[in-house]
Amino acid sequence: MKIDNSNATLGTGPRPQTTLLVTETPIEPDLPYETHPLADLSVEALDEYDVLWMHCESALDDAARQRLAAVGGELTAFVADGGGLLLTHGAVEAAAELGIEAHEPDSVGRVDADETGFLVRRLFEDHPIFGGIDGLRPNGAPATDAVSVHYDSLHPNDADVLAARRDDGTDRPNLKSLLCWEVGDGRVVGVGHGLAALQTDVQETLLDNCLAYAAGEGSDPRTVGRSKGREEFEAMREAVPDANHRPAYHFTPPANWLNDPNGLVQWNGRYHLFYQYNPAGPFHDSIHWGHAVSDDLVHWEDEPIALAPDPDGPDAVGVWSGCFVDDEGTPSVMYTGGDDGDQLPCLARAEDDSLRTWTKAAENPLITEMPADVDVLQSIDWRAEFRDHCVWRTGETWYQIVGSGIEGEGGAALLFESEDLLEWEYCHPILTGDWRKTGPIWECPELLRFDEGSLLHVSDYSKVAYFSGEYDEAAKRFEPEDHGVLDHGVFYAPQSFAADDGRTLMFGWLKEDRDREAQWDAGWSGAMSLPRVVSLAADGTPEFSLPTELEALRETHHSFSDLTVSPDGTNPLADIEGDTLEVKMTVDARNVGEFGLVLRETPDGEERTVVRCKIRHREVVVDRSQSSNSDAAADSSDSMPLTLDEDGTFSLHLFLDRSVLELFTNDAQALTSRIYPTRPDSTGVGLYADDCEVTVRSLDVWELAATED
């Protein structure tokens, strides 16, 4: 192999001179490379070059595919032996033709924009390909008529996605266009748009870098590589730290996107947390199942991706939410597969007790038609709104409820039964809501049974609604006696499981409350709630407590008792600082107005979040009007109702974790909020009374340890 790159540097300087350009259409301006059409490519001469650059301004036609098939073995051998391959525009399709990529791109067409550019992922901003290119949104260039090739609904199986597309100044993160592969000792780079004409310095620099990188210049970041294991996930966490906002002890994804908890289980003593995960970036698209394990509910270790979409299967565009099923000792999961307008139930079984490797059932999808006697809601995206599962067994019969909606009525939980988990027969809705109160569609339904009764909760896009009452096993009907909201904030799509000690533990997705651009810039999105121990009170209302395992996070302890706080007094918590805190407080709330806590306050008060306990109004308000100097963060207030105990006391249990705030009052109400201070000195803590003295019977503040740093 002839290598002559001694004068090439990434981002500056001349391009490698041992490049062979294969194209049918000249690129403007003229480039100093030997150029041939694909039909004249001589594979015998490849050893004379460091890099083979293939460029097509239209989609690959039959003749091009036939030629690639004829020389494919020699081309892949060239790369495996240390050669470089750059594929631009239509030539990106060649990666699948050559067997370098298992998934074909699903978006091939012209750019419908005046200007187009690149949207660089935070995870790869230090990649050699972006040397000398500033920012995650470098300047764009006028669009051309050349075809563009992207992965849109699909995600490449073998490539790392380094960047997506921007059109006319708008982020298009779903259009995944700048890719890299490792093939033996060589590198392959794919650029699906933006290089048909070199009109800007950014384009020239990007081309320089792509050719130099393909030729072997520059070191790969530790985040590069497919598939990813713990070493790569650790590198990903280090690459997107976001120290002011990324939670320190709540679980977050290594990078990219997280939403619903899935498949929760304690299996052979270990806790397994599966979750909706997009490896392409911090946005909802191309959903896989992420996986983490823990021995104590506090410290979590990343595992490889558990389930990925199959482009030829019923889950081509997403492996969506589902639940764990213990099938007589065989660990299994029931999940929703999304493909071509359908959302249908699928089954997978684990091949080992580590729950790392899964085999999807050949019978998938398990339900192919909607019930004939119910008018399941249709939408612009789906032939039927029909997804998310809760499965249990009674005797020899399996049951599952699926989230759905009934046209003209509201959200519904549809009941099915089966003898073998594979063939399912429709029964009826166990409960149907009123679209005016709980929305037209129910997601993530879950039925929990306790000695005191049953709890059905559903997510209706805006909140998690619950219904408590009795589930009649014989009639297979749920009879609600009470209803309410499980959490009054960003907590969504919760799922529960029975721990070995009998506790019912629940996790929920904590949605971001800053705009999409800010999430992209951070490089991560979404957090998991702390585990909550769920039970039913005697009156049928849900109660929450926190697992004692979380006490392992506690470090420095500040304790107060019989503390009097007055409107004109000094701040008794002035000596406490922190952005990771636990607070437990019991207050004599008889004959008082407003009191509360101030969190994440700057010394000058410019940024601060106030938890206002408004006793006369019987509500707790998280006032975010000054939480952040950033326009990207939501600043509206969150609130929940409060009640006093019979003796007139009010109890508040609060967890602060940088951008996460979880509040519990009297073990009966919960509110989760997100805050995004911009200043590193937003760490002050305060306690105040608004209009009269308040007696705090007990106050404990713990500074908490980080598990995610």
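Please read all numbers here as calculations on a predicted model, not as lab measurements.

1. Thoughts on the pairing of strand S45 (residues 694–704)
Examined bridge by bridge, strand S35 (residues 554–565) and S45 share nine bridges and lie antiparallel to one another. Considered in S45, the bridge of His558 is made with Val701. Inspection of the sheet shows strand S36 (residues 580–588) paired to S45 by eight bridges, in the antiparallel sense. Of the residues in S45, the one forming a bridge with Thr586 is Ser698.

2. Points about the packing of aromatic side chains
This model, assessed by the stated rule, comprises 21 aromatic pairs. Between Phe283 and Trp520, the ring centres sit 6.1 Å apart and the planes meet at 40°, which makes this aromatic pair tilted. Highlighted residues: Phe283 in the loop between strand S14 (270–278) and strand S15 (288–294) and Trp520 in helix H6 (residues 516–522), separated in sequence by 237 residues. Side by side, Phe283 and Trp520 carry an identical accessibility label, which is buried.

3. Here's the deal with the pattern of salt bridges
Using the criterion set out here, one finds 50 salt bridges in the structure. The partner of Glu238 in a salt bridge is Arg222, and the shortest N-O contact between them spans 2.9 Å. One end of the pair, Glu238, is in helix H4 (residues 230–239); the other, Arg222, is in the loop between helix H3 (201–214) and H4, and 16 residues separate them in sequence. Using a relative accessible area of 47% as the deciding quantity, one classes Glu238 as partly exposed.

4. With respect to the nonpolar core
Of all hydrophobic cores here, the largest spans 89 residues; its most connected members are Trp53, Leu86, Ile129, Phe130, Leu178, Val189 and Leu206. Per-element accounting of this core gives the leading share, six residues, to H3. Those residues in contact with Ile129 that sit more than four places away from it in its chain are Leu162, Leu178, Val189, Leu206, Asn209, Cys210 and Tyr213. In terms of nonpolar packing, the next biggest core, distinct from the first, is built from 35 residues, Val583, Phe595, Met640 and Leu687 among them.

5. A few points about the environment of Gly341
In this structure, Gly341 sits in the loop between strand S18 (330–339) and strand S19 (342–350). Note on Gly341: relative accessible area 17%, which makes it buried. For the pair Gly341 and Ile380, spaced 39 residues apart in sequence, the C-alpha to C-alpha distance is 9.0 Å. Other than its neighbours up to four places away in sequence, Gly341 contacts Asp381, Trp382 and Arg383.

6. Observations concerning helix H1 (residues 62–80)
For an α-helix, the turn length of 3.6 residues means that residues three or four places apart are oriented alike. Helix length check: H1 (19 residues) gives 26 Å between terminal C-alpha atoms against 27 Å at 1.5 Å per residue, within 8%. Largest kink in H1: about 60°, centred on Val71. Burial in H1 covers these residues: Ala64, Leu68, Val71, Gly72, Leu75, Phe78 and Val79.

7. As for the sheet that holds strand S28 (residues 477–485)
Reading across the sheet, the four strands line up as S25-S26-S27-S28 and stay open at both edges, with antiparallel pairing between neighbours. Since the sheet does not close on itself, it has two edges, and those belong to strand S25 (443–450) and S28, each with one partner. Along the sheet, successive strands turn relative to each other by an average axial angle of 25°, direction set aside. Where strand S27 (residues 464–472) and S28 come together, eight bridges link them in antiparallel fashion.

8. Let's talk about the side chain of Asn364
With respect to the helices and strands, the residue Asn364 is situated in the loop between strand S20 (358–360) and strand S21 (386–394). Side-chain polar atoms of Asn364 contact the backbone nitrogen of Leu347, separated by 2.9 Å. In contact with Asn364, not counting residues within four places along its chain, are Pro314, Tyr335, Cys346 and Leu347.

9. Structural notes on the confidence of the model for the protein
Atomic detail in the predicted coordinates should be set aside for any region of low pLDDT. The pLDDT averaged across the protein works out to 94; a share of 97% of its residues lies at or above 70. Low pLDDT, under 50, characterises residues 1–17; the stretch is placed with 43 contacts to residues that sit more than four places away or in other chains.

Conventions and cut-offs
- Residues numbered from 1 in each chain as written.
- Predicted model: local features only at pLDDT ≥ 70, side-chain atom pairs only at ≥ 80, totals over all residues.
- Heavy atoms only, no water.
- Pairing = 2+ DSSP bridges.
- Helix = DSSP H or I, 4+ residues; strand = E, 2+ residues; numbered from the N terminus.
- Phe/Tyr/Trp six-rings, centres within 6.5 Å; stacked < 30°, edge-to-face > 60°.
- Buried < 20%, exposed > 50% of the residue type's maximum accessible area, 1.4 Å probe, protein only.
- Salt bridge = Lys/Arg side-chain N within 4 Å of Asp/Glu carboxyl O.
- Core = buried A, V, L, I, M, F, W, Y, C linked by side-chain atoms within 4.5 Å.
- Contact = heavy atoms within 4.5 Å.
- Expected span 1.5 Å × (residues − 1).
- Bend = angle between axes of the 7 residues up to and from the residue.
- Axes fitted to C-alpha atoms, helices over the stretch in contact; angles between N-to-C directions.
- Polar contact = N/O pair within 3.5 Å; in protein donor to acceptor, adjacent residues only side chain to side chain.
- pLDDT = per-residue confidence, 0-100.

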